[in-house]
Structures are given as structure tokens and as C-alpha cells.
Amino acid sequence: KGGGGGGEKVVVPRTFKLLEELEAGEKGTGVNSHHCSLGLADDDDNDDLRYWNGTILGPMQSSYENRIYSLRIEAGEGYPMQPPTVTFITKINLPSCVDGRTGKVDLGKIGVTRGWTPQNSISDVLGAIFHAMARSENRKLPQPEEGTEF
């Protein structure tokens, strides 16, 4: 190709991007590492780094406080050009962005899909969910019994 082109963004290949995120998750160096963690799922069929586990610590002074929420994350073939899909395993009452029947997170409702770029990460998604939990309209929502799952 030609040699010009000023403002071109370099897109990191999917596997390199996911390995970077795995390293940050394992070292706890991600932007949201003080209230979120992530790592690869222990699936036999996960050579392509598609399946992840995430956890979110409930925000302080909220009905989520002192709870650890487990999530299943899928970084599909389109990742990082498209955001991952995220589903709560731990039952949560967060109707502003979580389907109460399935636990699937509607990333559009927390602003993650608007303006998504390949520079965004799974950690960014978990951080956005944490911030949705901390919003004033969600802070005091009654929660399902601790330990229940979707």
C-alpha cells in the first residue's frame, strides 16, 4: 500500500489485544482493577481466548455492597472491533442495563457501545457496569438473595 496517511489508527490483532488484557487481569493492573477482575474461563475449547470470567465488587454504600458478582464474558470473532457480550452469573437487580430473566447486559444502555473503539477493553466494560451499579437510581435497589444465580 501507499506510504501516506496521517491519522490512521493501528489495530492490534485480536489475539495480541486479548493477551494484553489477560496479562493486565492477572497482574491486577487494569484501570478498574480495584473493583473488577477478569481472567480466562477454564473451558476446554478456549484456545482462541473467546471465553472469560469477570467479577465485580459491589459499590460501597449501596445495596450491592459486600457482594461479589460473577460474570461470563465472550470476546467474539469481531472483538476488539466490536464489544464483548457480557452476562451476569450471579443474580442481580439492575433493570437499567441487565435482563432480569437471563442476566445479559445491554451494553448500549450503559454507553459502552456508543463510541466503542478497538482501544476499549473488557476491563472498560466491567468498569462501566460497576458505575451503573453506583448510579443514584440503582444504589438502593433491593437485591436477590445472596448466592442465587441466573
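Residues numbered from 1 in each chain as written. Predicted model: local features only at pLDDT ≥ 70, side-chain atom pairs only at ≥ 80, totals over all residues. Heavy atoms only, no water.

Student: It is not clear to me how the pattern of salt bridges should be interpreted in this structure. Could you clarify?
Tutor: Oppositely charged side chains may form a pair once their charged atoms are brought near each other. On inspection of all chains with the given rule, the structure shows 6 salt bridges. In this structure, the salt-bridge partner of Arg50 is Asp48, at a minimum N-O distance of 3.5 Å. For Glu74, the salt bridge goes to Arg50, with nearest N and O atoms at 2.7 Å. Highlighted residues: Glu74 in strand E3 (residues 68–74) and Arg50 in the loop between strand E1 (36–40) and strand E2 (51–57), separated in sequence by 24 residues. For Glu74, a relative accessible area of 27% corresponds to the partly exposed category. A relative accessible area of 16% places Arg50 in the buried class. What you see here is one network of salt bridges that share partners, running through Asp48, Arg50, Glu74 and Glu77. (Salt bridge = Lys/Arg side-chain N within 4 Å of Asp/Glu carboxyl O. Helix = DSSP H or I, 4+ residues; strand = E, 2+ residues; numbered from the N terminus. Buried < 20%, exposed > 50% of the residue type's maximum accessible area, 1.4 Å probe, protein only.)

Student: Where do I start with helix H2 (residues 122–134) in this structure?
Tutor: One turn of an α-helix holds 3.6 residues; hence residues three or four places apart share an orientation. End to end, H2 covers 19 Å across 13 residues, agreeing with the expected 18 Å (1.5 Å per residue, within 8%). Burial of H2 is extensive: 10 of the 13 residues sit out of reach of the surface. For H2, the set of buried residues is Ile122, Ser123, Val125, Leu126, Gly127, Ala128, Ile129, Phe130, Ala132 and Met133. Where the residues of H2 are buried, they touch helix H1 (14–27), E1, E2, E3 and strand E4 (85–88). (Expected span 1.5 Å × (residues − 1). Contact = heavy atoms within 4.5 Å.)

Student: In this structure, what is going on with the pairing of E2? I would like to understand it.
Tutor: Regular strands show a simple pattern: their side chains alternate between the two faces of the sheet. Here E2 shows one buried face, formed by Trp52, Gly54 and Ile56, and one open face, formed by Tyr51, Asn53, Thr55 and Leu57. Across 5 bridges, the pairing between E1 and E2 is antiparallel. Bridge pairing in E2 places Leu40 opposite Trp52. Here E2 runs beside E3; their pairing, made up of 7 bridges, is antiparallel. In the strand pairing of E3, Leu57 is matched with Ile68. (Pairing = 2+ DSSP bridges.)

Student: What exactly am I supposed to notice about the packing of aromatic side chains here?
Tutor: Describing an aromatic ring pair means giving the distance of the ring centres and the angle of the ring planes. Summed over all chains, the structure comprises 3 aromatic pairs. Judged by centre distance (6.0 Å) and plane angle (70 degrees), the rings of Tyr64 and Tyr69 are edge-to-face. Residue Tyr64 is classed as buried on the basis of its relative accessible area, which comes to 0%. Given the relative accessible area of 0%, Tyr69 is considered buried. Each ring, one from Tyr69 and one from Phe88, has its centre 6.1 Å from the other, and the planes form 85 degrees; the classification is edge-to-face. Remark: Phe88 occurs in strand E4 and Tyr69 occurs in strand E3; sequence separation between them is 19 residues. (Phe/Tyr/Trp six-rings, centres within 6.5 Å; stacked < 30°, edge-to-face > 60°.)

Student: Would you take a moment to explain H1 for this structure?
Tutor: For H1, built from 14 residues, the straight-helix expectation of 20 Å at 1.5 Å per residue is met to within 8% by its first-to-last C-alpha distance of 20 Å. Every buried residue of H1 is listed here: Arg14, Lys17, Leu18, Glu21 and Leu22. Axial view of H1: buried residues confined to an arc of 140 degrees, hence all on one face. Within H1, the exposed residues directed more than 90 degrees away from the buried face are Phe16, Glu26 and Lys27. Contacts made by the buried residues of H1 are with E1, E2 and H2. Phi for Gly28, located one or two positions after H1, is positive at around 70 degrees. (Arc of directions from axis to C-beta.)

Student: Before we go on, may I ask you to explain the sheet that holds E2 in this structure?
Tutor: Adjacent strands of a sheet pair through backbone hydrogen bonds, lying either parallel or antiparallel. Strand order across the open sheet formed by 4 strands is E1-E2-E3-E4, with antiparallel pairing between neighbours. Edge strands, defined here as strands with exactly one partner in the open sheet, are E1 and E4. Mean inter-strand twist for the sheet, computed between neighbouring axes without regard to direction, equals 25 degrees. Set on the sheet, H2 makes contact with E1, E2, E3 and E4; between it and E2 the angle comes to about 35 degrees. (Axes fitted to C-alpha atoms, helices over the stretch in contact; angles between N-to-C directions.)

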